[in-house]
Every structure is written in C-alpha cells, then in structure tokens.
Amino acid sequence: MEKTKIGEVIGLLAVVAGLVFVGLEIRQNNRLAEAEAYLDIGAMTADNWFRYAREPEYNLVYRQSFAGDDEWWAGLSAETTAQLASDMQGAVRHYETIYLLVDLGVLDEIALTRLGWDAFGDLPSVRRLWPCLYISSDDVRARLTRNWEDVPTLPSSLDETLRAFGDCSVQSMH
C-alpha cells in the first residue's frame, strides 16, 4: 500500500514538473514572439525613414505635412497630394499591424507608445487625408480618432475608398 502512495506522489510530482515546464516554455515563446514583433515593426519603421532620407525633397514635404496649414496644403500639386495620401495609407496599415498585435496579446498596450505610434491619429496630416484612407477595423478607426471633436465619415468599403482616392484632391481636403 505504501509503495502505491509513493508511486502516486512521484506521479503527481512528475505531472506538476511537466506543467511547470510547459508554462515556462509558453512564457518563453510569448516573449520571443513579442521580441520578433518589435524587431519587425522597428525594421518597417526604419525602412520608411531610410526611404525618406534617400528622397530629401519628399522628406521635407512629408515632414511639413505634419503641421502644414491650409495655405501650405493648397500649394501642393495633385501628384504630391496623391503621394502623401498613399504614404499615409501605408502608415495606417503599419498602425493597424501594431494594433492587431496588441489586440492579440502579442504586444502590450504600451507598445504603441514605445514604438512611437500612440499619437499617430493626432497628426494633422492624418486628419487632413482622412477622406482618402481605407481603415478596415472599427476599433482602429475609433482609436485613431479618439481625440477628435468631430469625426468625418470614412468610406465603408475598399471600392468607395478607391473612388474617394481618385477624387482626393487638395480642394476636397479643406
């Protein structure tokens, strides 16, 4: 009888040790996934800035778009406006990727701050180009506009966005 109890205790200890091992493995895998996400997002962000550095004329326009007033925006060519709108759409995808990783629990909420994306929706250029953007998630749309007093209607489908983008001119953004 005592041998049976000793066997049960040893079996129980083996199960507990196995569960602890599995828990540690899961934690390590989660930390690895988080580190890989940070590396990938950092690389995407760096690639964007390196591209801007190689295109100094556009880099200046891009940076000015963060604070440009109505007169500055009115002076942009249709091509530059379209380039800014395309660039902003890419930035929105970047933001959506980070938000998805936060939503899935791969990254903590603080990741948006650590990666420099927490105030993205507050950039004047985001608001200015808003009619030209397609944002696939209501959660992302709400997060980007959380500090806005009035939120313009966004196209509800990609087709509507493409039509709006075709009409996306400097005049339509005033």
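Cut-offs and rules
- Residues numbered from 1 in each chain as written.
- Predicted model: local features only at pLDDT ≥ 70, side-chain atom pairs only at ≥ 80, totals over all residues.
- Heavy atoms only, no water.
- Helix = DSSP H or I, 4+ residues; strand = E, 2+ residues; numbered from the N terminus.
- Buried < 20%, exposed > 50% of the residue type's maximum accessible area, 1.4 Å probe, protein only.
- Areas by Shrake-Rupley, 256 points an atom, 1.4 Å probe, with all protein chains shown as cover.
- 1 Å grid on protein atoms, 1.4 Å probe; cavity = no way out; pocket = protein on both sides within 12 Å on 5 of 7 lines; lining within 4 Å.
- Points joined across faces, edges and corners; volume = space filled by probe spheres on them.
- Salt bridge = Lys/Arg side-chain N within 4 Å of Asp/Glu carboxyl O.
- Axes fitted to C-alpha atoms, helices over the stretch in contact; angles between N-to-C directions.
- Parallel < 35°, antiparallel > 145°, perpendicular 65-115°, else oblique.
- Left-handed = near helix turned anticlockwise from the far one by under 90°.
- Contact = heavy atoms within 4.5 Å.
- Nonpolar A, V, L, I, M, F, W, Y, C, P; charged D, E, K, R; others polar.
- Phe/Tyr/Trp six-rings, centres within 6.5 Å; stacked < 30°, edge-to-face > 60°.
- Core = buried A, V, L, I, M, F, W, Y, C linked by side-chain atoms within 4.5 Å.

**Q** Would you explain the overall build of the protein in this entry?
**A** For the protein, the helix and strand inventory stands at 8 helices and 0 strands. Seen in sequence order, the protein has helices and strands lined up from the N terminus as α-α-α-α-α-α-α-α. Looking at the protein as a whole, 33% of its 174 residues qualify as buried. Split by element, the accessible area of the protein, about 11000 Å² in all, is 58% carbon and sulfur.

**Q** Help me understand the layout of surface pockets in this model?
**A** Using a probe with the size of a water molecule, rolled over the atoms, empty space left in the structure can be pinpointed. Approximately 250 Å³ is the volume attributed to the largest pocket. Around the largest pocket, the lining is made up of 17 residues, and of these W49, Y62, G116, W117 and F120 lie nearest the centre. The set of elements that each furnish at least two residues to the lining of the largest pocket consists of α1 (2-54) and α4 (78-103). At 5 residues, the largest contribution of residues to the lining of the largest pocket is made by α1.

**Q** Please explain the pattern of salt bridges as it appears in this structure.
**A** Pairing is possible between side chains of opposite charge, provided their charged atoms come close. Tallied over the entire structure, the rule returns 5 salt bridges. Across the salt bridge formed by D70 and R128, the nearest N and O atoms sit 2.8 Å from each other. Taken as a pair, D70 in helix α3 (residues 70-74) and R128 in helix α6 (residues 124-129) lie far apart in primary sequence, 58 residues in all. Given the relative accessible area of 48%, D70 is considered partly exposed. Of the charged contacts, one joins R141 and D138 as a salt bridge, the two residues approaching to 2.6 Å between their closest N and O atoms. Taken together, the residues span about one helical turn, with R141 and D138 both in helix α7 (residues 138-144) at a distance of 3 residues. When its relative accessible area of 21% is taken as the criterion, R141 is described as partly exposed. The class for D138 is exposed, based on a relative accessible area of 56%.

**Q** Got a minute to help me understand the packing of α1 against α4 in this structure?
**A** Each pair of packed helices gets described by two things: the angle between the helix axes and the distance between those axes. Orientation of α1 relative to α4, taken along the N-to-C sense of each, is 165°, at an axis distance of 11 Å. It follows from the interaxial angle that α1 and α4 lie roughly antiparallel. Every pair of crossing elements has a handedness; the one defined by α1 and α4 is left-handed. When α1 is examined against α4, the residues A37, I41, M44, T45, N48, R51 and Y52 are found in contact with a partner set consisting of D87, H94, I98 and L101. Counted by class, the contact of α1 with α4 contains 6 nonpolar, 3 polar and 2 charged residues.

**Q** I keep staring at the packing of α1 against helix α2 (residues 56-65) and nothing clicks. Help me out?
**A** As a packed pair, α1 and α2 sit with axes 5 Å apart at the nearest point and diverge in direction by 120°. Between α1 and α2, the interaxial angle falls into the category oblique. Contacts between α1 and α2 pair W49, R51, Y52, A53 and R54 from the former with P56, Y58, N59, Y62 and R63 from the latter. In the contact of α1 with α2, the residues fall into 6 nonpolar, 1 polar and 3 charged.

**Q** Explanation requested: the packing of aromatic side chains in the structure shown.
**A** By convention here, two paired aromatic rings are described through the distance between centres and the angle between planes. Applying the stated criterion across every chain, the model contains 9 aromatic pairs. Ring geometry for W130 against W148: centres 4.8 Å apart, planes inclined by 70°, an arrangement best described as edge-to-face. Of this pair, W130 sits in the loop between α6 and α7 while W148 sits in the loop between α7 and α8 (158-166), and the two are 18 residues apart along the sequence. W148 carries the same exposure label as W130, and that label is buried. Among the aromatic residues, those joined into a ring-pair cluster are Y52, Y58, Y62 and F66.

**Q** Sorry, what's going on with the nonpolar core here?
**A** Within soluble globular proteins, side chains that are nonpolar generally end up buried alongside one another. Core analysis: the largest hydrophobic core is formed by 35 residues, its most contacted members being L84, Y95, L107, W117 and F120. For this core, the elements supplying multiple residues, two or more each, are α1, α2, α3, α4, α5 (111-114), α6 and α7. Looking at this core, the element that brings in the most residues is α4, giving 10 residues. Discounting residues that sit within four places of it in the chain, F120 has contacts with M88, A91, V92, Y95, V126 and L144.

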